[in-house]
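Results of the structural survey
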Amino acid sequence: MALSGGVDSTVAATLISKAIGDRLYGIFVDNGVLRKGEFEQVLKTYKDNLHLNVKGVDAKDRFYTDLAGKTDPEAKRKVIGKLFIDVFQEEAKQVEGIELLGQGTIYPDVIESVSVHGPSVTIKSHHNVGGLPEQMHLELVEPLRYLFKDEVRKVGRELGIPDELIDRHPFPGPGLAIRILGEITEEKVKLLQEADHRYISGLKEHNLYKSVWQAGAILLPVKSVGVMGDERTYEYTVALRAVTSVDGMTADWAHLPYDFLAHISSDIINNVRGINRVVYDISSKPPATIEWE
C-alpha cells in the first residue's frame, strides 16, 4: 500500500494493519514536494505510534530532475503521477507474493473521477481511482470507498490515530508542485516550505486551524520591488489561501482576522529570505478552485 501521510491513506492502512498485522507492506515516497519536515515526521508517527510496517523512500532528486522545465499544471501532475507509480512498482517488486493493493480511496474521489449515475462530467482524475491496479495486476482493497471525509475521521479516532494526523487539512496528491506556479526547483520548494510552515503553525497557535477546511501558501511567479533595511529587494510574492467547507465540493474563503494576517505577513517577509510580499486570496469555489493549479 502506498501511504501519503494524509488522513485517508493513514486510516485505511491502520484498519488493514489491524486485520493482517505486518503482512501489510506500506511504502511512503518523498517526492520532494511535501511540506517542511513532513517525510521524517510522518514516517516516525507511522512506525512509533501506529506500529505500521512502512518503508520510507527518498526519491526527491528523481522528481526534481523529471519536473525540470515543466510549467503546465497538467504536465506537472502527469510527471509526478507517472514517477510515483515507477518508484512504487520498483519497491513493491522487492516484496514477493503480493496480490492485493490497499488504497485510501474515499467516496468524493469516486464521485469526481467516475460517472456514477449516467453521463456526468469528470471534474478531475484522482490518482488513486484507476491507473495503478491495471499496471500492477493487483486486486484492490479499499475499506473507505463509501465514506466521506468526516466519517473517515471518526473511524480514525476510534482506531486511536493521533489528532495531528486525523485533523490534518486535505493536501493535494502532487503536493507543493501545484502550489508553485511555473517551474519547480529545489530552491523554490524550500522557500514555499518555510512560508507554508509559518502560515500553518500560525493558524494552530492562534486556534484557527480547526475552523478552516484547508489552508496553504502559494508561491507566485511574480517578483516585485521591496525594501529590507536600507536595501532594495526584488523578490517573490506568496499568496495565502484558506477556505471553509463541509465536503470540499464548494468552499468559501475563510474570513481570517486582519491582525492574524498582518502577523503572518510580517513573520514570512522578515524571516523567509526571497519573499518580500504577501497577499490573501478571497476567491470562493466555484468559480475558483481551492488549489490554484
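Here is what the cut-offs are and how they apply
Each residue is numbered by its place in its chain's sequence as written, counting from 1. Given that the model is predicted, a residue must reach a pLDDT of at least 70 before its local features are reported, and side-chain atom pairs must reach 80 or more before they are shown or counted; all residues, however, enter totals for whole chains, interfaces and linings. Note: side-chain values were computed over all heavy atoms of the structure, leaving out hydrogens and water. A helix here means a DSSP run of H or I that spans at least four residues, while a strand means a run of E at least two residues long, and both kinds are numbered starting from the N terminus. We call a residue buried when its accessible area falls under 20% of the maximum for its residue type, exposed when it is over 50%, and partly exposed in between, using a 1.4 Å probe and counting protein chains only. We treat Lys and Arg as the positive residues and Asp and Glu as the negative residues; His and chain ends play no part in the count. Within this document, salt bridges are pairs made up of a side-chain nitrogen of Lys or Arg and a carboxyl oxygen of Asp or Glu, the two lying within 4 Å of each other. Here a polar contact is recorded for every N or O atom pair within 3.5 Å, except that within protein the pair must consist of a potential hydrogen donor and a potential acceptor, and residues adjacent in sequence are included only if both atoms are side-chain atoms. The contact criterion used throughout is that any non-hydrogen atoms of two residues lie within 4.5 Å. Throughout, the protein atoms alone are placed on a 1 Å grid, and a set of points is a cavity if a 1.4 Å probe fits but cannot get out or a pocket if it is open with protein on both sides within 12 Å along at least five of seven lines; lining residues have an atom within 4 Å of a point. Grid points are joined across faces, edges and corners, and a volume is the space filled by probe spheres set on the points. The nonpolar class holds Ala, Val, Leu, Ile, Met, Phe, Trp, Tyr, Cys and Pro. Asp, Glu, Lys and Arg form the charged class, and all remaining residues, Gly among them, are polar. Any two of the Phe, Tyr and Trp rings considered here, Trp counted by its six-membered ring, make a pair once their centres fall within 6.5 Å; the pair's planes then place it as stacked at under 30 degrees, edge-to-face at over 60, or tilted in between. Working rule: Lys NZ or Arg CZ, within 6 Å of ring centre, within 35 degrees of ring normal, means a charge sits over the ring.

Glancing now at the side chain of Lys188. Mapped onto the elements, Lys188 comes out in helix H9 (residues 186-205). No salt bridge is formed by the buried Lys188; the nearest opposite charge belongs to Glu183, separated by 5.7 Å. Reaching out from Lys188, the side chain makes a polar contact with the backbone oxygen of Glu183 at a distance of 3.1 Å. Setting aside anything within four residues of it in sequence, one finds Lys188 in contact with Ile180, Glu183, Leu219 and Tyr236.

In this structure, the second largest pocket encloses a volume near 510 Å³. Those elements that place two or more of their residues in the lining of the second largest pocket are helix H2 (38-48), helix H8 (163-166) and H9. With six residues, the single largest contributor to the lining of the second largest pocket is H9. Of the residues assigned to the lining of the second largest pocket, the class counts are five nonpolar, seven polar and 10 charged.

Across all of its chains, the model carries six aromatic pairs by this definition. Between Phe28 and Phe39 the ring centres are 5.3 Å apart and the planes differ by 35°, which places this aromatic pair in the tilted class. Taken together, the residues span a long stretch of sequence, with Phe28 in strand E2 (residues 26-30) and Phe39 in helix H2 at a distance of 11 residues. The pair formed by Phe28 and Phe39 is uniform in burial state, with each residue classed as buried. A ring pair is formed by Tyr107 and Tyr146, whose centres lie 6.1 Å apart and whose planes are at 45°; its orientation type is tilted. With Tyr107 in helix H5 (residues 107-113) and Tyr146 in the loop between strand E5 (139-141) and helix H7 (149-158), this pair connects stretches of sequence that are 39 residues apart. Of the aromatic side chains, those joined through ring pairs into one cluster are Phe28, Phe39 and Tyr46. In this structure, Arg35 is placed above the aromatic ring of Phe171, and the distance from its NZ or CZ to the ring centre is 3.8 Å. We note Lys223 situated over the ring of Tyr236; from NZ or CZ to the ring centre the distance is 4.8 Å.

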